[in-house]
Amino acid sequence: MAAASSCGGAGCGGPHCSSSAAAGAEEDVTSERLRRISIAGVCGKCDGGGAAVAVAGGVGMCRECFRAHLFGKFKLAVTSNAMVRPTDAVLLAFSGGPASRVALQFLQEMQSKAIQSWETSNSQALPVFGVGVAFIDEISVLLPKTKHETETAIEDIKAIVSSLSPGDKAVHIAPLEDVFSSESKDVESRLREVVSMIDDETGRDDFLRSLRMLSLQKIARENGYTKIMLGSCTSGIACHVLSATVKGQGYSLPADVQYVDTRWEVPVVLPLHDCLAQELSLLCEIDSLKTQQLLDRPSSGINNLVASFVARLREENPSREHTILRTAQKLKPFSFNKFSANGYHDFLPSRLRPKFQNVDGDGSTFSEILCLICGGPFSESELRNLESAKHKVQKKTDLYTAYCCQSCRSQIVPVDTNTFEHFFSLLPKFWTEKVDTASVSSLRDQIEDYLLEDSDDEN
């Protein structure tokens, strides 16, 4: 220990220097790991003689080129879609898995370079974007993990984030049941009860995903974040494409497969959109990036079946996931799948400015009506059903049901109409209050012709 402290951990090269010994051991471990996952041949990009790892398409790359390849995809997605402005505060949704771990590492590198540029700049005109990390803890309520296991995993996540420098990063650990904190004291029981009322296994899975998004939005709003960054990658999005198709969510599908999603109060971005899960796991192994997957909750129902099916497709041909995603991207995106030029024009390279300027003049007809639970945009038939239901509703629960898309009504909303009132009373108020506000606005529109103007009242 004395030798290590005397050289400041840099490795003095002495025979008893524990720092150099540790560095050598780490190098040996990395080399052995690279040899184990390498394929025969040389790097197909730099023609070097080092060990090569296989990427999609069977192309071999050395460690440095493979890393640059993935970082290039990440950076291109961020810059070409104006995901992060210098004035932004970005909240990264961190699960501890390979995808979010790589996103955290790459985001850290971009922030570090921005800090260096800011420090060396004479004017220091542009600020450096901030980064925070959020972990949604649904384990303590929904999975049979001991308190010690959960606490250890959360401490590991905090250690991973704190090891990254420069740049301070706040870590937000939020239990999933916190989405009910404004209207209930026993939030754990409320979460368990509402989940238990959903009979469909796939519906429960989708409902919990919607709660996670609501929780992320809550953290972002309360802490001043301007963007939420997810670790969704090509593989995950490809699974969603197939499962959404099976569930009858084809109309709203284009909204979920784009780089940018501004339908939420705090916009959501997907910088790993073009990266495969296999590549991200491989990078974590090569670069010894620590992950924490103890708290992973496996998918269920249709989502699990689709994930197994896509995994088998991947074994036959790794490029199948890209093919599924490219096919889905041919669907016309919604207007909220791009940032408008307003607020972004000054931060964009000149070659990208026309792309964002055109958004403001986009004549696409997008309905402002979103599903109460999943947030999916309503199709024309769903809009007609909603307008028809508004004139027939006798109870508020009937209106809540009308504001749910067809998929959520069939998989999440209970079949027994006698339980509607109790089910909707358990939902987060943030969801139901939006419908209440919309119904009041609609009522005002209906009676507007009969209201007195201020001038009429004075006369």
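The structure under discussion appears in the preceding block.
Residues numbered from 1 in each chain as written. Predicted model: local features only at pLDDT ≥ 70, side-chain atom pairs only at ≥ 80, totals over all residues. Heavy atoms only, no water.

Colleague: Report on the overall build of the protein, specifying residues and quantitative values.
Modeller: Per the secondary structure count, the protein includes 20 helices and eight strands. Among the 459 residues that make up the protein, the fraction classed as buried is 46%. In the protein, 71% of the contacts between residues at least 6 apart in sequence involve partners at least 24 apart. (Helix = DSSP H or I, 4+ residues; strand = E, 2+ residues; numbered from the N terminus. Buried < 20%, exposed > 50% of the residue type's maximum accessible area, 1.4 Å probe, protein only. Contact = heavy atoms within 4.5 Å.)

Colleague: Break down the sheet that holds strand β3 (residues 89-93) for me, citing the residues and quoting the values.
Modeller: The strand order across the open sheet built from six strands is β5-β4-β3-β6-β8-β7, with neighbouring strands paired in mixed fashion. Strands at the two margins of the open sheet, each flanked by one partner only, are β5 (169-175) and β7 (260-261). As judged from the seven bridges shared by strand β4 (residues 130-137) and β5, these two strands associate in the parallel manner. Bridge assignment links Val131 to a residue of β5, and that residue is Lys169. (Pairing = 2+ DSSP bridges.)

Colleague: Mind laying out the environment of Tyr403, listing which residues take part and the relevant values?
Modeller: Along the polypeptide, Tyr403 turns up in the loop between α16 (396-402) and α17 (406-411). In sequence terms Tyr403 and Leu372 are 31 residues apart; their C-alpha atoms lie 5.6 Å from each other.

Colleague: Give a detailed account of the packing of aromatic side chains, specifying residues and quantitative values.
Modeller: Tallying each qualifying case throughout the model produces eight aromatic pairs. An angle of 10° between the planes, with centres 5.3 Å apart, marks the rings of Phe334 and Phe336 as stacked. Geometrically, the ring pair formed by Phe423 and Phe424 is edge-to-face, given 5.4 Å between the ring centres and 75° between the ring planes. Each member of the pair, Phe423 as well as Phe424, carries the same accessibility label: buried. Grouping aromatic residues by their ring pairs yields a cluster made of Tyr400, Phe420, Phe423 and Phe424. (Phe/Tyr/Trp six-rings, centres within 6.5 Å; stacked < 30°, edge-to-face > 60°.)

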